[in-house]
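Chains, contacts and geometry: an overview
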Amino acid sequence: MNSVNRPVKNILFLTGFFILLIGLVSCEQGPASFAFNGQTMGTTYHITVVKGDKQPPSALSQSEIDELLLEVNASFSTYIDSSEVSTLNLYKGIEGQSKTPEFVELLEEAQRINLLTGGAYDITVGPLVNLWGFGPSFKEDDIPSNELIEQALSNVGFDSISIDADNGLVRKLKPEVYVDFSSIAKGYGVDQLADFIESKGYSNYMVEIGGEMRVNGHNPKGTRWRIAIEKPESSTRAIHKIIHITDIAMATSGDYRNFFLKDGVRFSHTINPKTGKPVRHNLASVTVLNESAATADALATAFMVLGEKKGYDLAMKRELPVFFLVKQRDGFNELMTPAFKNLIEDYES
Ligand code: ADP
Ligand code: MG
């Protein structure tokens, strides 16, 4: 029996991937792992921590995990008016605001990826995200006028933000600048949870928020974590491919879950900051591996903007592990960088 056909106790269906939770079975000493599940950032989270020999089971608690996630939201959620990001967004002025080191650090990481991707990734895309109805406030599925798009575009761009990291100050150079961390916050939350779990002395775990994840060490069966990349279709939930990975974070972006349909046309929640419009191409999903889940999360969105051609060229140039699924008339075409292949080689199902 190969590894794919092995009995699976639990399969998680989420945007971009499934986790095959194998080995969560009881043995004489009790369960081989702890599981923590809950809701955050408008989605779900799942954590599996393999029990060590020495750690007392009480060392990790659900309330500490939820507390940590609340802290992440208190900084980066555009759905909370009092969050650090909302305080910046709702302020219609150009004076500098004092921000936590964590906020400044993630903002700088977003800026680095903005530069790396030639502006395809841009968290100042907020006014456009809201205009197209993918932001915090409800909006009818309507196509905005070119005039409104132009107006929103005039407030988009990292050159409208000034960061003074030494003094923890962030300043908008235009009052209407609106920062949207949605494409990186889930990954950042995963990193925070992983660091927390490691600080408690555990090194074998899987942490996932809404499809963005990080795996370390081994699963409860003692082997690499088996992660399934989803078939990028909105009508079904099926596995495209299973990869065996460890000591790495993975994020998937796609146009097949969060979109609206208008007159038969699908409008994706990924916006091209150059045109001000949702991206439209044949790239169905992008999966990125990276040491940092935040970086993987942001890069996956960036590659969705770039499309498979420009995206593949950039991934090759920077030797990034990226896996593209490109829509064909019949099914999907796989495009995998050598760096991605190297990380999964010998373990592919
Ligand atoms: P996905 O898993 O498809 O990447 P995410 O929630 O991680 O979904 O990221 C998509 C979100 O990122 C959008 O809903 C929007 O808020 C924001 N976004 C859209 N376009 C961009 C962009 N070009 N750069 C940065 N963030 C973007
Ligand atoms: Mg993302």
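Parameters and conventions
Residues numbered from 1 in each chain as written. Chains lettered and ligands numbered in written order. Predicted model: local features only at pLDDT ≥ 70, side-chain atom pairs only at ≥ 80, totals over all residues. Heavy atoms only, no water. Pairing = 2+ DSSP bridges. Helix = DSSP H or I, 4+ residues; strand = E, 2+ residues; numbered from the N terminus. Phe/Tyr/Trp six-rings, centres within 6.5 Å; stacked < 30°, edge-to-face > 60°. Buried < 20%, exposed > 50% of the residue type's maximum accessible area, 1.4 Å probe, protein only. Lys NZ or Arg CZ within 6 Å of the ring centre and 35° of its normal. pLDDT = per-residue confidence, 0-100. Contact = heavy atoms within 4.5 Å. Axes fitted to C-alpha atoms, helices over the stretch in contact; angles between N-to-C directions. Parallel < 35°, antiparallel > 145°, perpendicular 65-115°, else oblique. Nonpolar A, V, L, I, M, F, W, Y, C, P; charged D, E, K, R; others polar. 1 Å grid on protein atoms, 1.4 Å probe; cavity = no way out; pocket = protein on both sides within 12 Å on 5 of 7 lines; lining within 4 Å. Points joined across faces, edges and corners; volume = space filled by probe spheres on them.

1. Notes on the pairing of strand 8 (residues 161-164)
By the bridge criterion, four bridges tie strand 8 to strand 9 (residues 169-172) in an arrangement that is antiparallel. Bridge pairing links Ser162 to Arg171 in strand 9. Taking the residues between adjacent antiparallel strands as the criterion, strand 8 and strand 9 are bridged by four residues, where Gly168 takes a positive phi near 65°.

2. Some points on the packing of aromatic side chains
With the rule as written, the count across this model stands at eleven aromatic pairs. Pairing Phe103 with Phe181 gives two aromatic rings, centres 5.4 Å apart and planes at 70°, and the pair type is edge-to-face. Residue Phe103 is located in helix 3 (residues 101-116), and its partner Phe181 is located in the loop between strand 9 and helix 6 (182-199); the two are separated by 78 residues in the primary sequence. Grouping residues by exposure puts Phe103 and Phe181 together as buried. An aromatic cluster is built from Phe76, Phe103, Phe181 and Tyr188, whose rings are joined through pairwise contacts. Just above the ring of Phe103 sits the side chain of Lys99; from NZ or CZ to the centre is 5.4 Å.

3. Quick look at the confidence of the model for the chain
Residues at a pLDDT of 70 or more form 88% of the chain, whose mean pLDDT is 88. pLDDT under 50 marks residues 1-18. Its contacts with residues more than four places away, or in other chains, come to 56 contacts. Considering only residues more than four positions removed or in separate chains, one finds that residues 20-29, a stretch of pLDDT under 50, has 28 contacts.

4. Some remarks on the packing of helix 3 against helix 7 (residues 293-317)
The geometry of a pair of packed helices is captured by two quantities: the angle between their axes and the separation between those axes. One can describe the packing of helix 3 onto helix 7 by two numbers: an axis separation of 10 Å at closest approach and a directional angle of 5°. Here helix 3 is positioned roughly parallel relative to helix 7, judged by the angle of their axes. Contacts between helix 3 and helix 7 involve Leu106, Glu109, Arg112, Ile113 and Leu116 from the first element and Ala294, Thr295, Ala298, Leu299 and Leu314 from the second. For the contact of helix 3 with helix 7, the class distribution of residues is seven nonpolar, one polar and two charged.

5. Overview of the layout of surface pockets
Take a probe with the size of a water molecule and roll it over the atoms, and the empty space left behind shows itself. As a volume, the largest pocket reaches approximately 1,000 Å³. Around the largest pocket sit 39 residues that line it, and Ser182, Ser183, Lys186, Asn258 and His269 are the ones nearest its centre. At the level of elements, helix 1 (62-76), helix 6, strand 14 (248-254) and helix 7 are the ones that each hand at least two residues to the lining of the largest pocket. For the lining of the largest pocket, the element with the most residues is helix 6, which contributes four residues. Of the residues that constitute the lining of the largest pocket, the class distribution is 16 nonpolar, 17 polar and six charged.

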